[in-house]
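# Residue-level structure breakdown
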Amino acid sequence: MSEIIAEKYEKKQTLGQGNFGKVYKAENITLSRECALKVIPLKDQNQTDIDTYKNNTEAFNQSKLEHKNIVKVQEVNIHIGKTKSLTIEMEIMSHSLEKSISDNKSMYEMVEFIKQALIGLQHIHHNDYCHRDIKPANILIAKSNRTAKLSDFGLSAIIGDNLPKHLKPQYVFHAPPELYNDKLFSPKTDIYSMGLTLYRCVNLHYNFKNKIFSLNNFKKILQKGQIIDTFGFEKTVPLKIQTITKKACHKNPNNRYSSAQEFRNALERINWNICWKKHNDCEWQYDDGSDVYKILLKPNKSKYAVYAIKNCRRSKKIIQPKDFSNVNDAKAYMDSQIAQTMVH
């Protein structure tokens, strides 16, 4: 039997865990509407309903900052079950940017999603708020039109405000150096976090937390803003995208983009050529609707061949085919050609 929450929501499945509660796929029975439902257990079970509504930063800020690139809050209710909880009904989305990373989406698609999220971020900053929790899991993609939207405003705060004691400083794996030093946040901290989100997307870094934990001195690296210096970029990432990402994640906030709009403008200026998508380590593909392109690494007797094909025929117009005596040299050449042919 399905569980009913707040007498009006039929819980279907668990979608994820936020900072303060779980998110479920559910149906609003009253309106026959599919939704995402966040259930937040209240720490103060004796709090009045009015105070509960007033003190809920997440629902209030996310609703107040309504925008096409922010996940819409549809209803907020109080649920009294075994314990007292706040329920936040939101529009249902398809998946997160984190899933796009695990699905090996193309670099072009990733950058398009980041550009859309930056529109939402500019709106947040224009209204004197900071999101403070930007990461791939909190950028969701709409089912209908594949629009990227910012979600999870549990750590959001007004610029210049003292943080409430119940809020942690920020998502530590995306926190900039200045947050470790002076504990202050600003739009530049969000830009740094969005820059690291872009970095993870273009490098297809899925298990990012585990990657950081694998470092012996990861706390020092985080505090000094040396994530990109430590891990570097995949050889398939074009230099132009590396440069944009590094600027967004500069250790000195004064050297970052001055606004989300400036960051987005830099991404808009990328002149895409062949929007390669990784199929596996030895094959990249691109289908533009009329032609199918591939770059392949294939063993050829005692050598390794790297070449391109267009519609099943070899093409020297895409890259110069080459043979190599070892697979590492062949892989390095293939990766360099992906980066060089992806953008002009």
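Now for a description of the structure that goes with this document. (Residues numbered from 1 in each chain as written. Predicted model: local features only at pLDDT ≥ 70, side-chain atom pairs only at ≥ 80, totals over all residues. Heavy atoms only, no water.)

### Focus: the overall build of the protein chain
Quick reminder of the rule: Numbering of helices and strands runs from the N terminus, with a helix taken as a DSSP run of H or I at least four residues long and a strand as a DSSP run of E at least two residues long. Contact criterion: two residues are considered in contact whenever any of their non-hydrogen atoms come within 4.5 Å of each other. Method for areas: the Shrake-Rupley scheme with a 1.4 Å probe, in which residue coverage is limited to the protein chains shown. Charged-residue counts in this description rest on Lys and Arg as positive and Asp and Glu as negative, His and the chain ends being excluded. Where a charge lies is defined by one atom per residue type, namely NZ (Lys), CZ (Arg), CG (Asp) and CD (Glu).
A tally of helices and strands in the protein chain yields twelve helices and 17 strands. Referenced to the eigenvectors of the C-alpha coordinate spread, the extents of the protein chain come out at roughly 75 × 50 × 35 Å. A separation threshold of at least 6 residues defines the contact pool for the protein chain, and within that pool the share at least 24 residues apart is 58%. As presented, the protein chain carries roughly 17300 Å² of accessible surface, and 46% of it is formed by carbon and sulfur atoms. In the protein chain, the 53 positive side-chain charges and the 36 negative ones have mean positions that sit 7 Å from each other.

### Re the sheet that holds strand 10 (residues 148-150)
Spelled out, the test is: Note: two strands are recorded as paired if DSSP finds a minimum of 2 bridges between them. Each axis is a line fitted through C-alpha atoms, and for a helix only the stretch in contact is used; angles between axes span 0 to 180 degrees, taken between their N-to-C directions.
Taken in spatial order, the three strands of this open sheet run 7-9-10, and their pairing is antiparallel. Looking at the sheet topology across the chains shown, the edges are occupied by strand 7 (95-96) and strand 10. As paired elements, strand 9 (residues 139-141) and strand 10 share three bridges and run antiparallel to each other. Its bridge partner being in strand 10, Ile139 is matched across the sheet by Leu150. Sheet contacts for helix 4 (residues 107-126): strand 9 and strand 10; angle to strand 10, the most-contacted strand, approximately 35°.

### Details of the packing of helix 6 (residues 187-202) against helix 10 (residues 239-248)
Applied cut-off: Throughout, the term roughly parallel applies to angles under 35 degrees, roughly antiparallel to angles over 145, roughly perpendicular to angles from 65 to 115, and oblique to all others. In this scheme, a crossing is called left-handed if the near helix is turned counterclockwise away from the far one by less than a right angle; it is called right-handed if the turn is clockwise.
Orientation of helix 6 relative to helix 10, taken along the N-to-C sense of each, is 150°, at an axis distance of 8 Å. The angle between the axes of helix 6 and helix 10 places the two elements in the roughly antiparallel class. In terms of crossing hand, the pair formed by helix 6 and helix 10 is left-handed. Together, Ile191, Tyr192, Gly195, Leu198, Tyr199 and Val202 of helix 6 and Ile241, Ile244, Thr245 and Ala248 of helix 10 make up the contact between the two elements.

### Here's the deal with the packing of aromatic side chains
Applied cut-off: Any two of the Phe, Tyr and Trp rings considered here, Trp counted by its six-membered ring, make a pair once their centres fall within 6.5 Å; the pair's planes then place it as stacked at under 30 degrees, edge-to-face at over 60, or tilted in between. The buried label applies to any residue whose accessible area, calculated with a 1.4 Å probe on protein chains only, is under 20% of its type's maximum; exposed applies above 50%, and partly exposed to all values in between. Charge over a ring is defined by NZ of Lys or CZ of Arg lying within 6 Å of the ring centre and within 35 degrees of the ring normal.
All told, the structure shown has seven aromatic pairs when counted by the stated rule. When the centroid spacing of 6.0 Å and the interplanar angle of 20° are considered together, the rings of Tyr286 and Tyr293 count as stacked. For the pair Phe324 and Tyr333, a centre-to-centre distance of 5.4 Å together with 40° between the ring planes defines the contact as tilted. Residue classification places Phe324 among the buried positions, given a relative accessible area of 17%. One aromatic cluster in this structure is built from Phe173, Phe213 and Phe218. Positioned over the ring face of Phe231 is Lys211, at 4.8 Å from the centre of the ring.

### A look at the side chain of Glu58
Of note, Glu58 is situated in helix 2 (residues 57-64). The class of Glu58 is buried, set by a relative accessible area of 4%. Setting aside chain neighbours within four positions, we find Glu58 in contact with Phe20, Lys38, Ile40, Ile88, Asp152, Phe153 and Gly154.

### Digging into unusual backbone geometry
Of note in the backbone geometry, Asp128 takes a positive phi value of approximately 65° without being a glycine. With respect to the element layout, Asp128 can be found in the loop between helix 4 and strand 8 (129-130).

### Points about the nonpolar core
The condition is simple: As used in this record, nonpolar core signifies buried Ala, Val, Leu, Ile, Met, Phe, Trp, Tyr and Cys residues forming a set joined through side-chain atoms within 4.5 Å.
By size, the foremost hydrophobic cluster in this structure holds 68 residues, and its most contacted members are Ile114, Met194, Phe263, Leu267, Trp272, Trp276 and Val306. Ranked by residue count, the leading element in this core is helix 4, at nine residues. Not counting residues within four places of it along the chain, the set of residues in contact with Phe263 comprises Leu118, Ile191, Met194, Gly195, Leu198, Ile244, Ala248 and Tyr257. In terms of nonpolar packing, the next biggest core, distinct from the first, is built from twelve residues, Ala59, Val73, Leu140 and Ala142 among them.

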